[in-house]
Amino acid sequence: MTQSIRVSSQAGSAQDAGPLRRRSPFLSRLTDVSFLLPAVLLFVVFIAYPILWVVQNSLFTKTREGEHVFAGLGNYADILTNPVFWTVVRNMVLWGVITIPVQMVIGGLLAYFIERHTHGLRGFFRTAFFLPVVTSVSVVSLVWVQIYAPYYGIAQEYLKHLGITLSYSPIGDPSTAIYALIIVNIWQWTGFSMLMYIAGIANMPTEVLDAARVDGARGWRLAFNVIIPMLAPSTKSLLMLGVIGTLQTFPIVHLMTGGGPNRASEVFGTFIFKQSFVLGDTGGGAALSVVVLLIALVLSVLQIVFLGTQQSPSKGDRA
């Protein structure tokens, strides 16, 4: 009796599974496409279409009568022959070359110190150093404008011990404005580098560190031969994010200097904003946006070629 019931249930299951096996290839493909459709629509609406729209606008110029006339590559020629563009390129190179390595070095040192030498206060130090990252850019800019204020600013209070008196704000001098902004950016985003390295340190297999100590690795030898190579995935991620963040720089510069004085601290973001919305040259602003997009594309390809995309295996994979 039990055997007959089992046989009948198996037969029923086979009959129920029959229609699923006989499903047409068209329905299978339609199901696959239905899962992909939301992501494709989001990509088309929010990425592909805006890019194509900007590229189209970069080929037109606006006359005094308000008409849009086809200009071909004229907007690109005007941008590349504009001396402000090359000032912006110089500022962007300085921004990336200084901020990215400094943030990684300071963030890595903070992460190692917090994870290895602070136990009961670990949460406090993590929060304290990460707080600038989540602070509003408007608040950060207001605070640092007061720090840089001549005669009464906090920077002046420290510099007076060295016999230095600030008669003007560093962000008000064309020769120092970009460096003063770089310092603010480093202060604000070093906590993010610290957090990335804390995650990397937490993912380190303790048996490797213990084996290195048994072999006699201590101090700087342990750091350079074991810890830093094992933090390579975090370093690669920070380098990639640092390049993207450099090209996206806008709020802190716009709020503190507006790209001045005399356009000395201009960056791509403020240059595009002024070109498009202040001067009304939407074609020139679009052309500049396309140039920035191409620069980002080239830098991304270079990072993939030289740094690769494969990450080191996680702690679970090693096990």
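Keep in mind that what you see is a predicted model, and the values were worked out from it rather than measured.

A.B. asks: How should the overall build of the chain be read in this particular structure?
C.D. replies: The helix and strand tally for the chain stands at 15 helices and two strands. Within the span of the chain, comprising 319 residues, buried residues form 32% of the whole. Considering only contacts in the chain between residues 6 or more positions apart, those separated by 24 or more positions represent 64%. Summed over all atoms, the accessible surface of the chain reaches about 19,800 Å², with 69% contributed by carbon and sulfur.

A.B. asks: Help me understand the nonpolar core in this model?
C.D. replies: The tendency in soluble globular proteins is for nonpolar side chains to be buried as a group. In this structure, Trp 95, Met 256 and Phe 268 are the most contacted members of the largest nonpolar core, which totals 33 residues. Listing elements by their share of this core, those giving two or more residues are helix H3 (74-80), helix H4 (83-117), helix H6 (137-147), helix H8 (177-202), helix H12 (251-256), helix H13 (268-278) and helix H14 (282-307). Examining the composition of this core, we find that six residues originate from one element, H8, more than from any other. Leaving out residues up to four positions away in the same chain, Met 256 has contacts with Ser 141, Trp 144, Val 145, Tyr 148, Ile 171, Leu 181 and Val 184. Counting 19 residues, the second largest nonpolar core, distinct from the first, contains Leu 110, Ala 111, Ile 114 and Ile 201.

A.B. asks: Which parts of the structure should I look at to understand the side chain of Gln 103?
C.D. replies: In this structure, Gln 103 sits in helix H4. Take Gln 103: its relative accessible area is 11%, and that puts it in the buried class. Residue contacts for Gln 103: discarding those within four places in its chain leaves Asn 185, Ile 186, Trp 189, Thr 190 and Ser 193.

A.B. asks: How should I be thinking about the confidence of the model for the chain in this particular structure?
C.D. replies: Atomic detail in the predicted coordinates should be set aside for any region of low pLDDT. Chain-level pLDDT for the chain is 86 on average; 89% of the residues reach the 70-or-more range. Averaged over each element, pLDDT in the chain is lowest for helix H15 (residues 315-318) (44) and highest for H12 (96). Here residues 311-319 scores under 50 on pLDDT; set against residues more than four positions off or in separate chains, the count is 11 contacts.

A.B. asks: Mind showing me how you'd approach a nonpolar patch on the surface here?
C.D. replies: Residues Leu 36, Val 40, Leu 42, Phe 43, Val 44, Val 45, Phe 46, Ile 47, Ile 51, Val 55 and Leu 293 make up a contiguous nonpolar surface patch of roughly 980 Å² in combined accessible area. By the element assignment, Phe 43 lies in helix H2 (residues 25-57).

A.B. asks: Hey, could you run me through the side chain of Gln 275 in this one?
C.D. replies: Here Gln 275 lies in helix H13. Those residues in contact with Gln 275 that sit more than four places away from it in its chain are Gly 280, Asp 281, Thr 282, Gly 284 and Gly 285.

A.B. asks: Would you explain the packing of aromatic side chains in this entry?
C.D. replies: Aromatic ring pairs: the centre-centre distance and the angle between the two ring planes describe each pair. In this structure the tally under the stated criterion is 10 aromatic pairs. Plain terms: the ring middles of Trp 189 and Phe 192 are 6.5 Å apart, the flat faces sit at 80 degrees to each other, and that makes the pair edge-to-face. One end of the pair, Trp 189, and the other, Phe 192, are both in helix H8, three residues apart, so they sit about a helical turn from each other. Under the relative-accessibility criterion, Trp 189 is labelled partly exposed at 34%. On the basis of relative accessible area, Phe 192 is assigned to the partly exposed category, the value being 27%. For the pair Phe 273 and Phe 277, a centre-to-centre distance of 5.7 Å together with 45 degrees between the ring planes defines the contact as tilted.

A.B. asks: How do you make sense of the environment of Trp 95 when you look at a structure like this?
C.D. replies: Here Trp 95 lies in helix H4. As for Trp 95 and Gly 242, which are separated by 147 residues in sequence, their C-alpha atoms are 9.9 Å apart. Those residues in contact with Trp 95 that lie beyond four places of it in its chain are Ile 100, Ile 178, Leu 181, Ile 182, Asn 185, Thr 246, Thr 249, Ile 252 and Val 253.

A.B. asks: Mind showing me how you'd approach the pattern of salt bridges here?
C.D. replies: A side chain with one charge may pair with a side chain of the opposite charge, provided their charged atoms come close. If you walk through the whole model with that rule in mind, you get four salt bridges. Here Glu 157 and Lys 160 are joined by a salt bridge, their closest N and O atoms 2.9 Å apart. Of the residues examined, Glu 157 reaches a relative accessible area of 36% and is grouped as partly exposed. Of the charged contacts, one joins Lys 274 and Glu 266 as a salt bridge, the two residues approaching to 3.2 Å between their closest N and O atoms. Judged by relative accessible area, Glu 266 falls into the buried class, the value being 0%. What you see here is one network of salt bridges that share partners, running through Arg 263, Glu 266 and Lys 274.

A.B. asks: When you look at unusual backbone geometry in this model, what are you seeing that I'm missing?
C.D. replies: With glycine set apart, most residues show a phi of negative sign, and most peptide bonds adopt trans. That bond from Gly 260 to Pro 261 is cis: its omega, -5 degrees, falls within 30 degrees of zero. Within the secondary structure, Pro 261 is located in the loop between H12 and H13. Located in the positive-phi region is Tyr 151, a residue other than glycine, with phi close to 75 degrees. Of note, Tyr 151 is situated in the loop between H6 and helix H7 (154-159). Accessibility expressed as a relative area gives 56% for Tyr 151, which makes it exposed.

A.B. asks: Explain the packing of H2 against H14 here, please?
C.D. replies: Helix-helix packing: each pair is described by the crossing angle between the helix axes and the interaxial distance. Two elements in contact, H2 and H14, have axes whose closest approach is 7 Å; the angle formed by their N-to-C orientations is 125 degrees. Looking at the two axes, H2 sits oblique to H14. Judged by the twist between their axes, the crossing of H2 over H14 is left-handed. Side by side, H2 and H14 meet where Ile 51, Val 54, Val 55 and Asn 57 of the first sit next to Gly 283, Ala 286, Ser 289, Val 290 and Leu 293 of the second. Here the contact of H2 with H14 is composed, by residue class, of six nonpolar, three polar and no charged.

The rules behind the values
Residues numbered from 1 in each chain as written. Predicted model: local features only at pLDDT ≥ 70, side-chain atom pairs only at ≥ 80, totals over all residues. Heavy atoms only, no water. Helix = DSSP H or I, 4+ residues; strand = E, 2+ residues; numbered from the N terminus. Buried < 20%, exposed > 50% of the residue type's maximum accessible area, 1.4 Å probe, protein only. Contact = heavy atoms within 4.5 Å. Areas by Shrake-Rupley, 256 points an atom, 1.4 Å probe, with all protein chains shown as cover. Core = buried A, V, L, I, M, F, W, Y, C linked by side-chain atoms within 4.5 Å. pLDDT = per-residue confidence, 0-100. Patch = residues over 30% accessible without salt bridge, like charges linked within 9 Å, V, L, I, M, F, W, Y side chains within 5 Å. Salt bridge = Lys/Arg side-chain N within 4 Å of Asp/Glu carboxyl O. Phe/Tyr/Trp six-rings, centres within 6.5 Å; stacked < 30°, edge-to-face > 60°. Axes fitted to C-alpha atoms, helices over the stretch in contact; angles between N-to-C directions. Parallel < 35°, antiparallel > 145°, perpendicular 65-115°, else oblique. Left-handed = near helix turned anticlockwise from the far one by under 90°. Nonpolar A, V, L, I, M, F, W, Y, C, P; charged D, E, K, R; others polar.

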